[in-house]
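# A structural walkthrough
Spelled out from the first residue to the last, the chains are:
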Amino acid sequence: MSDIRSTYTDECNFYGRHTPRELAETFGTPLYVYNENVLRQRCRDLMGLSKHPGFGVNYSVKANATPALLRIVREEGLVVDAMSPGELYMDELAGFTPAEILYISNNNSEAELKNAVSRGLLISVDSLSQLDTLGRINKGGKVMVRFNPGIGAGHHAKVITAGKETKFGVTPDKLDEVFALLEKHDLTLAGINQHIGSLFMEPDGYLDAAEVLLHLADRLPASMLAKLEVIDFGGGFGIPYHKYEGQARLSMADLGERLHALIAGWSEKSGYKGRFLVEPGRYVAAECCVLLGTVFAVKNNGDKRYVGTNLGFNVLVRPAMYDSFHDVEIYGADTQARKNMVQTIVGNICESGDILAKERELPVLCEGDVLGVLDAGAYGFTMGSNYNQRRRPAEVLIQSDGTAKLIRRRETLEDLARCLMD
């Protein structure tokens, strides 16, 4: 390929039989482009972590809920979660059955809990209050309880989901109160789960938290442990966002070997026969997607060079919300050598925080260039919005045979008004 900076996508033949500029011309930009082969490989990485009976992978649908992708995830043997009626609806559209869906809720209304109960789902609650509510509306039923192991992980405070500075989970010191509510409502504790945060790149913290959850399971009465069906260690599996700097991957071989030994040893000791789940979202979805956008304006403000694109934070909010880093490829219309210079890539939203990539040293960007934002498949489209009344973009899947398939059309102006009442 003659593009200026495309070595990563070239090496994995990400665009199949197409070029990114062809896709941009055919479908327009912004455009989320997914690669089926990459998605399947990430699913297989996770499913291969352990051969222990009952081991499985619970994909966190909040990372990406597009049904065409969920169907692929299901074909690879993963189960899914849902934390809202909308996510549950997407799971069902993709063909997942109640036995393949966990409802991982927090601060849900009674109506939402009743909706999940009516569909025969195992519901996870993350507070004593929600446990009491669920017990009132599903007396004699089953429940899963999310615990806070006190160990958090993540690159930003907003993605850490355990420890003292987070809203999630029941702390282990409340276990007796959990038992009391289970007895009050004749509930069966069918599962326990946790989540330490997002984007860990070393396995130690994850495995430490897994041990905390297993120690908590050891504190369950024998009669309760015998009825336990699911132990979900949560997620947070990171991916290397700094592709062009050679950032190392999370070692799945090391993690898998140690995780398998942990669950196999504990099962033998405890007699547990139920399922063990891990709960990744980002690891499944992030790397299978490149977000394409177009450069429409360049300018200097003082000594700073700004590159204006149609990739506002309505399309990809992670950099604005979390200070997240995404590598950028450049698909230029010409092949002449371009010098490197420091540039800030911004979007078309009327906010000073609408920055996609701040002060990056890249080949000089020009009007008409197509940009590829790498690793955009997790918390990309699913966190998008209509801010500034911008329309949500289209999504395209590069199928295993290299052909492109439109899996979500671009919104129209009429779509913006679809819910309005005259």
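Up top is the structure.
Residues numbered from 1 in each chain as written. Predicted model: local features only at pLDDT ≥ 70, side-chain atom pairs only at ≥ 80, totals over all residues. Heavy atoms only, no water.

Turning our attention to the layout of surface pockets. Of the volumes computed, that of the second largest pocket is approximately 220 Å³. Along the walls of the second largest pocket sit Phe179, Leu182, Asp186, Leu187, Thr188, Leu189, Pro221, Ser223, Met224 and Lys227, which together make up its complete lining. Looking at the lining of the second largest pocket residue by residue, the class counts come to six nonpolar, two polar and two charged. (1 Å grid on protein atoms, 1.4 Å probe; cavity = no way out; pocket = protein on both sides within 12 Å on 5 of 7 lines; lining within 4 Å. Points joined across faces, edges and corners; volume = space filled by probe spheres on them. Nonpolar A, V, L, I, M, F, W, Y, C, P; charged D, E, K, R; others polar.)

Here we come to the packing of helix H7 (residues 128-137) against helix H8 (residues 175-184). Axis separation between H7 and H8 bottoms out at 9 Å; the angle between their running directions is 10°. Comparing the axis directions of H7 and H8 gives the class roughly parallel. Where H7 approaches H8, its residues Leu128, Leu131 and Asp132 are matched on the opposing element by Glu177, Val178, Leu181, Leu182 and Lys184. (Axes fitted to C-alpha atoms, helices over the stretch in contact; angles between N-to-C directions. Helix = DSSP H or I, 4+ residues; strand = E, 2+ residues; numbered from the N terminus. Parallel < 35°, antiparallel > 145°, perpendicular 65-115°, else oblique. Contact = heavy atoms within 4.5 Å.)

So, on to the sheet that holds strand S11 (residues 275-278). Read once around its circumference, the closed barrel built from eight strands follows the order S2-S3-S4-S5-S6-S8-S10-S11, with strand pairing classed as parallel. When the angles between neighbouring strand axes are averaged without regard to direction, this sheet yields 30°. Strand direction decides the pairing type here: strand S5 (residues 122-125) and strand S6 (residues 142-146), joined by two bridges, are parallel. Of the residues in S6, the one forming a bridge with valine 125 is valine 145. Each of strand S8 (188-193), strand S10 (230-232) and S11 is contacted by helix H9 (residues 204-218), which is oriented at about 160° to S8, the strand it contacts most. On top of the sheet, helix H11 (residues 252-270) reaches strand S2 (55-59), S10 and S11; it is set at about 155° to S11, its chief contact. (Pairing = 2+ DSSP bridges.)

This model, assessed by the stated rule, comprises 13 aromatic pairs. Aromatic side chains tyrosine 32 and phenylalanine 381 sit 6.0 Å apart centroid to centroid with 80° between the ring planes, which places their arrangement in the edge-to-face category. Of this pair, tyrosine 32 sits in strand S1 (residues 31-35) while phenylalanine 381 sits in the loop between strand S17 (370-373) and strand S18 (394-398), and the two are 349 residues apart along the sequence. Ring geometry for phenylalanine 237 against tyrosine 283: centres 6.5 Å apart, planes inclined by 65°, an arrangement best described as edge-to-face. (Phe/Tyr/Trp six-rings, centres within 6.5 Å; stacked < 30°, edge-to-face > 60°.)

It is at 9 Å that the axes of helix H3 (residues 36-47) and helix H4 (residues 67-75) come closest, and there the two elements cross at 40°. By the angle between their axes, H3 is oblique relative to H4. Of the two possible hands of crossing, H3 and H4 adopt the one that is right-handed. Of the residues in H4, those in contact with Glu36, Leu39, Arg40 and Cys43 of H3 are Leu69, Ile72, Val73 and Glu75. Split by residue class, the contact of H3 with H4 holds five nonpolar, no polar and three charged. (Left-handed = near helix turned anticlockwise from the far one by under 90°.)

What follows covers the environment of glutamate 414. Within the fold, glutamate 414 resides in helix H14 (residues 413-416). Between the C-alpha atoms of glutamate 414 and arginine 391, which are 23 residues apart in sequence, the distance is 9.9 Å.

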